[in-house]
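# A look at the structure
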Amino acid sequence: ATALRSRVRNNDLAARIGGEEFGFVLPNTDDDAARVFGESIRKVVSERDFEGLQVACTISVGIASSARAPLSDLLVGADRALYLAKTTGRNRVEAWRGEVRPGVIVPAT
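Counting of residues starts from 1 at the beginning of each chain's written sequence and follows it residue by residue. Residues qualify for local features only when their pLDDT is at least 70, as the model is predicted, and side-chain atom pairs are given and counted only at 80 or more; totals for whole chains, interfaces and linings, by contrast, use all residues. The basis for the side-chain values is all heavy atoms of the structure; hydrogens and waters are excluded.

### Regarding the pattern of salt bridges
When a carboxyl oxygen of Asp or Glu is within 4 Å of a side-chain nitrogen of Lys or Arg, the pair counts as a salt bridge. Enumeration according to the criterion identifies 3 salt bridges in this entry. The closest approach of N and O atoms between Asp12 and Arg9, which form a salt bridge, is 2.7 Å. Using a 1.4 Å probe on the protein chains alone, a residue whose accessible area is under 20% of its type maximum counts as buried, one over 50% counts as exposed, and one in between counts as partly exposed. Overall, Asp12 belongs to the buried group, its relative accessible area being 12%. Residues Glu94 and Arg92 are paired through a salt bridge, measuring 2.7 Å at the closest nitrogen-oxygen approach. Judged by relative accessible area, which is 14%, Glu94 ranks as buried.

This is the structure in structure tokens:
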């Protein structure tokens with residue numbers, strides 16, 4: 001959590017969603033900047049020495065963005081992108097390529 005929190009700006013929100021899942025709300029951040037942010041936290045975690053762990057620690061990152069979609073829809077899109085990152089090799093950043101608009105998560109074609 002400390003490593004991740006060090007990467008957020010004052011107006012960003014970082015929170016634990018579940019046991020090993022964290023979420024970030026990055027206002028005024030476009031897709032490219034969100035990917036850069038995701039890569040930066042992926043890198044800081046993979047390079048960090050976690051005392052007592054005998055194995056490398058990595059993270060997978062899922063991104064969804066829209067200026068109009070409610071947070072609940074963005075969470076669904078980000079979760080789908082996270083699943084894609086995990087199923088295509090882990091330790092990577094993926095963005096939801098489907099459409100996210102209010103009340104609707106449209107799969108990528």
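### Points about the pairing of strand β2 (residues 22-25)
Two strands qualify as a pair provided DSSP detects at least 2 bridges between them. Only DSSP runs of H or I with at least four residues qualify as helices, and only runs of E with at least two residues qualify as strands; both kinds are numbered from the N terminus onward. Bridge analysis of strand β1 (residues 13-16) against β2 gives 4 bridges, and the strand direction is antiparallel. When the sheet's bridge partners are listed, Ala14 is paired in β2 with Phe24. Counted along the chain from β1 to the antiparallel partner β2, the turn is 5 residues long.

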